[in-house]
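Coordinates in review
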Amino acid sequence: MRSITVIGLILLGSAAALTQPMPAAPADPAPPPVQPPGLVTAMDTPNDAGNSISVDWRPSPDEAQGLVEGYVVYRSESAEAPESLWTRVGYVPYGLNQSRDQSVPENGMDFFYRVRVVSRLGASAVSQASNPARSSEQWYNSMRTNALIASLLFVAIVVYFITMAQKGQHLFVRRIAGLSAVEEAVGRATEMGRPILFVPGLSSISDVATIAALNILGQVAKKTAEYDTPLLVPNRDPVVYTVAQEVVKEAYSEIGRPDAYNHDSVFYLTDSQMGFASGVDGIMTRERPATNFFMGMFWAESLILAETGAATGAIQIAGTDAIHQLPFFITACDYTLIGEELYAASAYLARDPKLLGTLKGQDWSKALIVLLLVAGLALSLINPGVRGFILNILTVG
Amino acid sequence: MSTDIWVWIAALLSLAIFSYLYKDNPVFRFAEHLFTGLSVGYMIVLMWNNYAYQYIVIPISQQRWITLIPMALGMLYLFRFVPKLQHLMLIPIAITLGIWNGWSIPVVIEADLFKQMQGTMVNTTMFQNPWDPHNGLVVGLLVVVGVVCTVLYFYFSREHRGPLKVASSVGIWFVMIGFGASFGYTVMARMSLLIGRIQFLFTEWIHLIK
């Protein structure tokens with residue numbers, strides 16, 4: 001009974017306390033003011049396609065005290081514009097004092113910038129307006145001069161060797177192991193009376209690997225025309241399909257067997273990656289080609305194709321520059337052309353001066369790169385300052 | 001067991017594909033043909049929505065007549081059905097090839113060549129802790145030897161004899177070790193795909209895993 005009385009008294013006391021007017025809460029003190037950023041400078045962003053202005057400023061003196069949270073950048077068409085006409089165009093955290101406005105509405109028109117510092121405690125202060133700046137587009141990116149020089153050098157070497165090849169100069173290219181197997185593979189298919197399957201990759205015509213694959217297809221088609229061996233060329237890309245059809249047709253004509261060309265030997269399957277893999281697997285399982293060629297660009301379907309082909313007992317020759325798919329081809333195929341070997345094979349087989357010249361040009365470029373690499377390495381070990389210079393030369397803006 | 005008809009269809013088609021592990025059979029063939037056929041239909045719709053509609057129909061409806069130029073160039077492909085004018089389809093192919101090759105040469109030089117050369121530069125700070133796995137001299141020299149020997153393996157203008165044979169043999173070892181690592185990594189990724197499919201069968205279809 002006594003305890004109930006005590007609880008009752010406590011409740012009554014609480015209720016009374018609640019009904020009494022609460023003392024007014026002390027108003028939040030205004031955050032300590034923060035000093036605005038110093039001189040704000042705006043200029044056209046160099047080496048770009050326009051519509052961009054770079055802004056930098058002197059940090060607020062309070063940044064050194066650790067009071068600053070960041071800076072908000074504003075743009076306006078007039079330095080004297082009222083607050084409502086300043087558009088927020090960027091924010092950078094403390095420690096940075098530059099920003100790039102990449103949304104400049106018009107090239108050749110003056111714009112002004114202001115930077116508002118925001119403190120950790122919520123205070124802010126805005127700078128004076130910057131100088132007027134106008135964005136413009138440049139035709140030439142001077143930061144990429146090194147890439148231009150390297151490209152020109154490479155093109156010059158290639159053009160030189162193409163010219164040499166066209167003049168009839170003999171350009172030596174060493175034989176690649178996988179190529180010796182091509183004839184053997186075609187012969188085997190002929191003996192067994194089974195077709196040859198040639199997959200020219202899954203990429204588009206713009207891929208160098210696809211072009212190399214089509215060159216090899218031309219040579220393989222000549223041999224199938226010669227031996228009268230059926231050829232199957234499934235395609236994923238409609239343009240590659242068209243070109244492959246022309247390549248095979250031309251190969252049959254060159255051998256003097258245009259009548260042996262079967263229009264349906266080169267066909268389109270589907271654009272879907274795995275749908276294509278599924279279709280080719282079905283062909284391999286049912287048509288049981290004696291030889292499978294996988295040349296060109298491949299992705300995740302590489303192992304699915306090569307593994308099915310291996311299961312059917314076909315001789316398999318693969319060639320790709322897709323680094324991540326090469327291990328699968330090496331594992332599941334009898335011969336694999338690794339990376340540049342694919343291009344070299346295409347040049348070796350086709351004996352086209354343009355291809356041979358390009359291959360030679362690449363070889364000389366590689367030799368030059370190795371020389372530069374070794375020389376740069378030696379120099380940078382002798383004088384560490386040279387290393388920074390070399391790295392600077394190799395940096396692209 | 002799931003009561004969703006689509007889960008059942010997906011599960012039965014998955015099993016149909018797995019049936020190839022035993023041997024080729026009509027059920028697998030049905031699933032394979034269905035998949036290939038469906039993908040063609042799906043791609044036609046995708047091409048229309050993502051390309052034809054976006055880049056032809058919308059711009060022309062907005063009277064952006066400049067679109068007619070690439071459209072006309074693209075339509076030259078259709079001349080492959082006209083035997084006498086078939087050569088016209090080579091024009092868009094030549095344009096595509098030219099643009100891509102021109103675009104890719106500087107990009108390859110910047111992204112592959114320059115970056116690779118930068119990464120190969122040994123520095124004197126590497127002498128301070130030669131065995132550091134990230135910035136030690138041993139790792140730095142391995143990278144240099146690997147890069148130089150691998151490049152020499154892909155040198156086709158000379159027979160691989162004498163010193164070039166030694167260097168290219170070292171190079172192909174580096175290449176194969178790299179491929180081995182890549183192989184292991186990708187096999188792991190494929191395993192996770194298989195696990196995902198089995199999880200689907202056991203979780204969403206037969207509710208064995210909850």
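Residues numbered from 1 in each chain as written. Chains lettered and ligands numbered in written order. Predicted model: local features only at pLDDT ≥ 70, side-chain atom pairs only at ≥ 80, totals over all residues. Heavy atoms only, no water.

Some thoughts on the overall build of chain B
Secondary structure assignment for chain B yields six helices and zero strands. Going from the N terminus to the C terminus, chain B shows its helices and strands as α-α-α-α-α-α. Compactness check: chain B gives a C-alpha radius of gyration of 27 Å against a globular reference of 17 Å for 210 residues, more than 25% above the reference. Buried positions account for 28% of the 210 residues belonging to chain B. Looking at chain B alone, contacts between residues at least 24 apart form 30% of all its contacts between residues at least 6 apart. (Helix = DSSP H or I, 4+ residues; strand = E, 2+ residues; numbered from the N terminus. Rg over C-alpha atoms; globule rule 2.2 N^0.38 Å. Buried < 20%, exposed > 50% of the residue type's maximum accessible area, 1.4 Å probe, protein only. Contact = heavy atoms within 4.5 Å.)

Brief notes about the overall build of chain A
Counting its secondary structure elements, chain A contains 11 helices and 13 strands. Taken over C-alpha atoms, the radius of gyration comes to 36 Å for chain A, far larger than the 21 Å a tight globule of 397 residues would show. Long-range pairs, those at least 24 residues apart, make up 68% of the contacts in chain A between residues at least 6 apart in sequence. Within chain A, the 37 negative side-chain charges are centred at a point lying 4 Å from the centre of the 27 positive side-chain charges. (Lys, Arg positive; Asp, Glu negative; His and termini not counted. Charge placed at Lys NZ, Arg CZ, Asp CG, Glu CD.)

A few points about the pattern of salt bridges
Taken as a whole and assessed by the stated rule, the structure comprises 12 salt bridges over all chains. Residues glutamate 32 of chain B and arginine 286 of chain A are paired through a salt bridge, measuring 2.9 Å at the closest nitrogen-oxygen approach. Placement of glutamate 32 of chain B in helix α2 (residues 26-61) and of arginine 286 of chain A in helix α6 (residues 273-287) is noted, with the two residues assigned to different chains. Note on glutamate 32 of chain B: relative accessible area 3%, which makes it buried. The shortest N-O distance in the salt bridge between lysine 366 of chain A and glutamate 340 of chain A comes to 3.0 Å. Here lysine 366 of chain A, found in helix α10 (residues 353-382), pairs with glutamate 340 of chain A, found in helix α9 (residues 340-350); they are 26 residues apart in sequence, far enough to count as distant. For lysine 366 of chain A, a relative accessible area of 10% translates into the label buried. A relative accessible area of 22% places glutamate 340 of chain A in the partly exposed class. One connected set of salt bridges, linked through shared partners, spans Arg286 of chain A together with Asp24, Arg29 and Glu32 of chain B. (Salt bridge = Lys/Arg side-chain N within 4 Å of Asp/Glu carboxyl O.)

Brief notes about the pairing of strand β2 (residues 53-57) of chain A
Residues and elements named next belong to chain A. With respect to burial, β2 is a largely interior element, four of its five residues being buried. Sheet topology note: the strand β1 (residues 40-44)/β2 ladder contains five bridges and is antiparallel. Paired with valine 40 across the bridge in β2 is tryptophan 57. Two strands pair when backbone bridges link them, and β2 and strand β5 (residues 98-101) are joined in this way by four bridges, in the antiparallel orientation. If you follow valine 55 over to β5, its bridge partner there is serine 99. (Pairing = 2+ DSSP bridges.)

A closer look at the sheet that holds strand β8 (residues 196-199) of chain A
Residues and elements named next belong to chain A. The sheet built from six strands is open, its strands ordered β10-β9-β8-β11-β12-β13 with parallel pairing. Strands at the two margins of the open sheet, each flanked by one partner only, are β10 (266-268) and β13 (335-338). Taken over all neighbouring pairs, the strand axes of this sheet differ in orientation by 15° on average, direction set aside. Both β8 and strand β11 (residues 291-295) contribute to a ladder of four bridges, which runs parallel. (Axes fitted to C-alpha atoms, helices over the stretch in contact; angles between N-to-C directions.)

Examining the sheet that holds strand β4 (residues 87-93) of chain A
Residue and element names in this part refer to chain A. Read across the sheet, four strands follow the order β4-β3-β6-β7 without closing on themselves; strand pairing throughout is antiparallel. The outermost strands of the open sheet, each flanked by one partner alone, are β4 and β7 (124-126). Going across the sheet, the axis of each strand differs from the next one's by a mean of 20°, ignoring polarity. Pairing of strand β3 (residues 68-76) with strand β6 (residues 112-119), which is carried by eight bridges, proceeds in the antiparallel orientation. Paired with glycine 70 across the two strands is valine 118, which belongs to β6.

Considering the nonpolar core
As a rule of thumb, nonpolar side chains are buried together in soluble globular proteins. All names here are of chain A. Ranked by size, the top nonpolar core spans 61 residues in total, and within it Phe198, Leu231 and Met295 carry the most contacts. Tallying contributions element by element places helix α4 (residues 208-227) first for this core, with nine residues. The residues contacting leucine 231, other than those within four sequence positions of it, are Ile196, Phe198, Leu217, Ala221, Thr224, Val248, Tyr252 and Ser265. (Core = buried A, V, L, I, M, F, W, Y, C linked by side-chain atoms within 4.5 Å.)

A look at the interface of chain B and chain A
In this complex, chain B contributes 54 residues to the contact, which on the side of chain A involves 67 residues. Carbon and sulfur atoms make up 70% of the surface buried where chain B meets chain A, a total of about 5500 Å² over both sides. Considering only the surface of chain B that becomes buried against chain A, Met121, Phe156 and Phe179 of chain B emerge as the three largest contributors, covering 14% of it. At the boundary of chain B with chain A, the tally comes to three salt bridges. (Buried area = accessible area lost by both parts, 1.4 Å probe.)

Some remarks on the environment of phenylalanine 127 of chain B
Mapped onto the elements, phenylalanine 127 of chain B comes out in the loop between α4 (90-120) and α5 (137-153). Phenylalanine 127 of chain B gets classed as partly exposed once you look at its relative accessible area, which sits at 46%. In this structure, phenylalanine 127 of chain B is in contact with Leu381 of chain A together with Leu137 of chain B, ignoring residues within four places of it in sequence.

Quick word on the side chain of aspartate 363 of chain A
Note on placement: aspartate 363 of chain A falls in helix α10. Among the polar contacts listed, one links the side chain of aspartate 363 of chain A to the backbone nitrogen of phenylalanine 156 of chain B, at a separation of 2.9 Å. Each residue touching aspartate 363 of chain A, except ones within four places of it in the same chain, is listed here: Phe154, Tyr155, Phe156 and Ser157 of chain B. (Polar contact = N/O pair within 3.5 Å; in protein donor to acceptor, adjacent residues only side chain to side chain.)

Concerning a nonpolar patch on the surface
A cluster of nonpolar side chains, Met47, Trp48, Tyr51, Tyr53, Tyr55, Ile56 and Val57 of chain B, forms an exposed patch at the surface whose accessible area comes to about 700 Å². Here tyrosine 51 of chain B falls in the partly exposed class, since its relative accessible area comes to 48%. (Patch = residues over 30% accessible without salt bridge, like charges linked within 9 Å, V, L, I, M, F, W, Y side chains within 5 Å. Areas by Shrake-Rupley, 256 points an atom, 1.4 Å probe, with all protein chains shown as cover.)

Quick word on the environment of proline 59 of chain A
Structurally, proline 59 of chain A can be placed in the loop between β2 and β3. For the pair proline 59 of chain A and glycine 95 of chain A, spaced 36 residues apart in sequence, the C-alpha separation works out to 8.2 Å.

Points about the confidence of the model for chain A
Considering every residue of chain A, the mean pLDDT works out to 90; 93% of them sit at 70 or more. Counting contacts from residues 1-19 of chain A, a segment whose pLDDT is below 50, to residues more than four positions away or on other chains yields zero contacts. (pLDDT = per-residue confidence, 0-100.)

Structural notes on the packing of α10 of chain A against α4 of chain B
In contact at an axis separation of 10 Å, α10 of chain A and α4 of chain B are set at 30° when each is read in the N-to-C sense. Considering the relative orientation of α10 of chain A and α4 of chain B, their crossing is right-handed. Between α10 of chain A, through Ile369, Leu372, Leu373 and Leu377 of chain A, and α4 of chain B, the contact on the second element is made entirely by Leu113, Met117 and Thr120 of chain B. Tallied by class, residues from the contact of α10 of chain A with α4 of chain B come to six nonpolar, one polar and no charged. (Left-handed = near helix turned anticlockwise from the far one by under 90°. Nonpolar A, V, L, I, M, F, W, Y, C, P; charged D, E, K, R; others polar.)

A word on unusual backbone geometry
Located in the positive-phi region is arginine 288 of chain A, a residue other than glycine, with phi close to 45°. Checked against the element boundaries, arginine 288 of chain A lands in the loop between α6 and β11. The phi dihedral of glutamine 63 of chain B is positive, around 60°, even though this residue is not glycine. Assignment of secondary structure puts glutamine 63 of chain B in the loop between α2 and α3 (68-75).

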